[in-house]
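Overview (structure and organization)
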Amino acid sequence: MARNPRFDILFEPVRIGPVTAPNRFYQVPHASGMTNALPQVRASFRGIKAEGGWGVVCTGAVSIHPSSDDSPLPFAMLWDDKDIPAHALMTDAVHRHGALAGVELWHGGACTLNRTSRLAPLSPSGMPWLSTHLGFMGNQRPRTMDTADIQELLRWQAAGARRAMQAGFDIVYVYAGMGYLPYEFLLPEYNHRTDAYGGSIENRVRLVRELIEATRDAVGGKCAVALRISLEELRGRPGNSAESEAHEVVGLLADLPDLWDVKMDSSPTDCAPSRFSPEGSHEPIVNFVKQLTARPVVGVGRFTSPDVMVSQIRRGVLDLIGGARPSIADPFLPNKINEGREHEIRECIGCNICISSWHDGVPVRCTQNPTAGEEWRRDWHPERFAPAASESSILIVGGGPAGLECAVTLARRGYSVTIADTAKEFGGRLRFETRLPGLATWGRVVDWRLGQLRSRPNVQLYPASELGVDDIMGLEHSHVVIATGARWTRMLYSTLEFPVGQLDGPSVYTPDDLAAGVVPPAPVVVFDFDNYYLAGAVAEQLARTTSDVTYVTTAGNASAWTFMTNELPQVHRALVKARVLIHTLKRVAAFDGETLTMADVYSGTEQRLACRSLVIVGVRTPRDELYQALMAKGQELRNAGITAVTRIGDSLAPGAIVHAVHSGHRYAREFDTVPGPAPYARDFPL
Ligand code: ADP
Ligand code: SF4
């Protein structure tokens, strides 16, 4: 198909100093959890984005010196010439497809605690950087840099830039954002210096200016020099000579960098979850930059709509459309627009499971794109599939995330696929969950897959079709996949993490009851020890219709695990705004239909609440009765022509949506293949 001329502007080349980006799609630096120890994994992950049409593909943060050591978080480095080959693998993979490769040289300053190098962290004035949304900051305080330290830093940046050039990078970054060292110099709360690097805004900007100059000298006109900067805090501060300090900083540096890469200050606002922030949420902070510089400007905003991208350019907000998450969820987003297939874009849902991977210290995972991080080690290309190796026809029972993903991938391989679901609508758990506050965007998991399935002739869709053992045995499919999901239980746990049995009773509910339409009478207590998004969202939803909702959790925060997905601060705010009472570090000890007894998880101290309905969001168990009943048929199955029955997703092992999608994808990829000796290939440092 031809490209819609409305989107032509997105495919114009953009000059960035001495290099030219082939189009306006720019994969900005983003964490991938892939260190120098995973060179092939990293090169494939980045290279596939270039193949998918991203005109520029960048690394994540690349440390320039052991005094910028983020461990235990994964980070890359260019400390030594021996680090060059691992990066060269990535630049080769990117160049192979005509894209430019960018490197985000990085010094973390007081944000890094140098747990491995054991060097005292560096800072402008000895102030520690406290990142409240992350639980893994330690006790090491930074030391104040003297003039010699600043000269050393400039030398490290220059050495990093030279190594980057040798590794084949086209764009070399100075990174002054997110609490990292050059950014700390910009803020008077962290910079109390009385020398040429502190005090006036001109002095606070000096380090960034010198880093840009040192980088430019080092690359000798061969690479572009980009400045990545956070502007959120600075934009909120009135300037002496301009509207804000952000205006002053950009005005002072104006045309010094070849490219401005502009962003927000903290991970929760920069990598903002869709539950609380729409597409394009950075615009009010970064929209002024283009007025103060003649250099191209790139910014992000979870852009997945080509019309929104065009509007950003036409309205003079950005020159290059930055993408981190959209490029993970669909590495082929640019090519799909280019080929008139924009309706096929697998849009990021803004769940931030990807960023949670970095917080977990592992290679990136994505809810929408199960191939992210698996390009090399499992040889999963996002758009290419091994053709069907047999005439097998597959019946999938259950059309939730696992079943739908399995069906799409089998269909793309060319198999004949039938998928049935009891419900009138496909979507499984998402039928209910997308109706909860802020979660509508997650419906893209279902929409994209249904769109794919409906466009393929080798797929039969049967909604409103509950299948039992006899139905399945009569349907003449060689392979049966059970994707029947999981159910929430009323199980409780002791403080010692032992299951203590079900809490049964007429007024005890689970999310499944709410999904089935039960309206629990107030006062309602939502008891959460699942600790991901659901209980918080359920409490917020219930508070819309009843004024008496209490949220109780064994954890120290509401929806505690969402600190991994940048959602936690906003979950708390939303619950407070909805007038939900929050009790943390409590477990439910007893409930008699009128009074609920909570016990403090540490002291055991009890407290009673008036309560008529208790909603337990805790443990799920597989809904696998159908699987068990089929397996019990033994030889009869084979007589009916069924050679295999396999569980996937939650019906095998309940998890988050990301797990279900990966499980469904894996079944489909591995169907008709001979299992290898290990589940995936291991990468080794070069
Ligand atoms: P997962 O996350 O593993 O995909 P879900 O719970 O989201 O699991 O989806 C499971 C789906 O399976 C639900 O939509 C449910 O209606 C469907 N289902 C369960 N049992 C049957 C059955 N016997 N026949 C058809 N569909 C079923
Ligand atoms: Fe988007 Fe979620 Fe994938 Fe991250 S994990 S890229 S937020 S869909």
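Predicted model, so just to flag it, every value in this text is computed and none were measured.

We now examine the site of ligand 1. Residues in contact with ligand 1 amount to 24 residues; listed here are only the nearest, Ala-402, Asp-421, Arg-429, Leu-467 and Asp-650. The backbone of Ala-402 places a nitrogen or oxygen atom 2.8 Å from an oxygen atom of ligand 1. Residue Leu-467 places a main-chain N or O atom 3.0 Å away from a nitrogen atom belonging to ligand 1. Considering ligand 1 on its own, with 580 Å² of exposed area, one finds that the protein chains cover 92% of that surface. Split into classes, the residues belonging to the shell around ligand 1 amount to nine nonpolar, nine polar and six charged.

Glancing now at the pattern of salt bridges. Evaluated as defined, the whole model comprises 39 salt bridges. Residue Arg-235 pairs with Glu-243 through a salt bridge whose shortest N-O separation is 3.6 Å. Taken together, the shared-partner salt bridges in this structure form one network comprising Asp-330, Lys-336, Glu-383 and Arg-412.

Right, let's get into the site of ligand 2. Residues in close proximity to ligand 2 total 14 residues, the closest being Cys-348, Cys-351, Asn-352, Cys-354 and Cys-366. Counting atoms within 2 Å of the grid points, the majority share of ligand 2 lands in the largest cavity. Of all the elements in the fold, those that place two or more residues in the shell around ligand 2 are α12 (325-329) and α14 (353-360). Top contributing element to the shell around ligand 2 by residue count: α12, with three residues. Classifying every residue of the shell around ligand 2 gives eight nonpolar, four polar and two charged.

We now examine the pairing of strand β13 (residues 320-323). Alternating positions in β13 separate into two faces, Leu-320 and Gly-322 on one and Ile-321 and Gly-323 on the other, with burial throughout. Inspection of the sheet shows strand β3 (residues 25-27) paired to β13 by three bridges, in the parallel sense. In the strand pairing of β13, Gln-27 is matched with Gly-323. Pairing geometry for strand β12 (residues 297-299) and β13, over two bridges, is parallel. Across the sheet, Val-298 pairs through a bridge with Leu-320, a residue of β13.

Moving on, we get to the pairing of strand β26 (residues 595-600). Judged by how many residues are buried, β26 sits mostly within the fold: five of six residues are covered. Here strand β25 (residues 586-591) pairs with β26 via five bridges, running antiparallel. Note that in β26 the partner of Lys-586 across the bridge is Asp-600. In this antiparallel pair of consecutive strands, β25 and β26, the connection spans three residues, and Gly-593 shows a positive phi of 95°.

To continue, consider the state of the cysteines. Evaluation of the coordinates by the stated rule reveals zero disulfides. Left without a disulfide partner, Cys-406 is nearest to the cysteine sulfur of Cys-366, which lies 18 Å away.

When cut into domains, the protein gives domain 1 (5-107 + 151-350), domain 2 (393-485 + 641-670) and domain 3 (488-621). Taking only C-alpha atoms, the centre of domain 1 and the centre of domain 3 are 41 Å apart. The interface of domain 1 with domain 3 comprises seven residues on the first partner and nine residues on the second. Regarding the contact of domain 1 and domain 3, the summed buried area is about 710 Å², with carbon and sulfur atoms giving 52% of it. A per-residue breakdown of the area domain 1 buries against domain 3 is headed by Pro-268, Arg-275 and Phe-276, which together make up 74% of the total. One can count one salt bridge joining domain 1 with domain 3. For the salt bridge of Arg-275 with Glu-567, the shortest nitrogen-to-oxygen distance reads 3.9 Å. The interface formed by domain 1 and domain 3 holds two residue pairs in polar contact (both at pLDDT 80 or more) in total. A per-class count over the side of domain 1 that touches domain 3 returns four nonpolar, two polar and one charged.

Let us now look at empty space enclosed by the protein. For the structure shown, the criterion picks out seven cavities of 30 Å³ or more. Its volume calculated, the largest cavity comes out at about 90 Å³. Along its surface, the largest cavity is lined by 13 residues, and Cys-348, Ile-349, Cys-351, Cys-354 and Cys-366 are the ones closest to its centre. Only α12 and α14 provide two or more residues apiece to the lining of the largest cavity. Broken down by element, the lining of the largest cavity gets its largest block of residues, three residues, from α12. Along the lines of polarity and charge, the residues of the lining of the largest cavity split into eight nonpolar, four polar and one charged.

Below, the discussion takes up the nonpolar core. One finds Leu-10, Leu-227, Ile-229, Leu-231, Trp-260 and Ile-337 to be the most contacted residues of the largest nonpolar core, which totals 88 residues. Apart from residues lying up to four places away in sequence, Leu-10 is in contact with Asn-23, Arg-24, Phe-25, Pro-306, Met-309, Val-310, Ile-313, Ile-321 and Ile-337.

Summed over all chains, the structure comprises 16 aromatic pairs. Between the aromatic rings of Phe-25 and Trp-54, the centroid separation amounts to 5.9 Å while the plane-to-plane angle is 85°, which identifies the pairing as edge-to-face. One end of the pair, Phe-25, is in strand β3; the other, Trp-54, is in the loop between α1 (39-51) and β4 (56-63), with 29 residues separating them in the sequence. Judged by relative accessible area, which is 2%, Trp-54 ranks as buried. Among the aromatic side chains, those forming a connected cluster through ring pairs are Phe-75, Trp-79, Trp-106, Tyr-175 and Tyr-180. Just above the ring of Trp-448 sits the side chain of Arg-346; from NZ or CZ to the centre is 5.0 Å.

Read from one edge to the other, the open sheet built from five strands follows the order β16-β15-β14-β17-β30, with strand pairing classed as parallel. Strands at the two margins of the open sheet, each flanked by one partner only, are β16 (459-462) and β30 (644-647). The average angle at which neighbouring strand axes cross in this sheet is 15°, direction not considered. Examined bridge by bridge, strand β15 (residues 416-420) and β16 share four bridges and lie parallel to one another. In the sheet register, Ala-420 faces β16, and the bridge partner there is Tyr-462. Relative to β15, helix α15 (residues 401-413) is tilted by about 165°, and along the sheet it contacts β14 (393-397), β15, β16 and β17 (479-482).

Calculation rules
- Residues numbered from 1 in each chain as written.
- Chains lettered and ligands numbered in written order.
- Predicted model: local features only at pLDDT ≥ 70, side-chain atom pairs only at ≥ 80, totals over all residues.
- Heavy atoms only, no water.
- Near = heavy atom within 4 Å.
- Polar contact = N/O pair within 3.5 Å; in protein donor to acceptor, adjacent residues only side chain to side chain.
- Areas by Shrake-Rupley, 256 points an atom, 1.4 Å probe, with all protein chains shown as cover.
- Nonpolar A, V, L, I, M, F, W, Y, C, P; charged D, E, K, R; others polar.
- Salt bridge = Lys/Arg side-chain N within 4 Å of Asp/Glu carboxyl O.
- 1 Å grid on protein atoms, 1.4 Å probe; cavity = no way out; pocket = protein on both sides within 12 Å on 5 of 7 lines; lining within 4 Å.
- Sits in = over half its atoms within 2 Å of the grid points.
- Helix = DSSP H or I, 4+ residues; strand = E, 2+ residues; numbered from the N terminus.
- Buried < 20%, exposed > 50% of the residue type's maximum accessible area, 1.4 Å probe, protein only.
- Pairing = 2+ DSSP bridges.
- Disulfide = S-S within 2.5 Å.
- Domains from an automatic or database assignment.
- Contact = heavy atoms within 4.5 Å.
- Buried area = accessible area lost by both parts, 1.4 Å probe.
- Points joined across faces, edges and corners; volume = space filled by probe spheres on them.
- Core = buried A, V, L, I, M, F, W, Y, C linked by side-chain atoms within 4.5 Å.
- Phe/Tyr/Trp six-rings, centres within 6.5 Å; stacked < 30°, edge-to-face > 60°.
- Lys NZ or Arg CZ within 6 Å of the ring centre and 35° of its normal.
- Axes fitted to C-alpha atoms, helices over the stretch in contact; angles between N-to-C directions.

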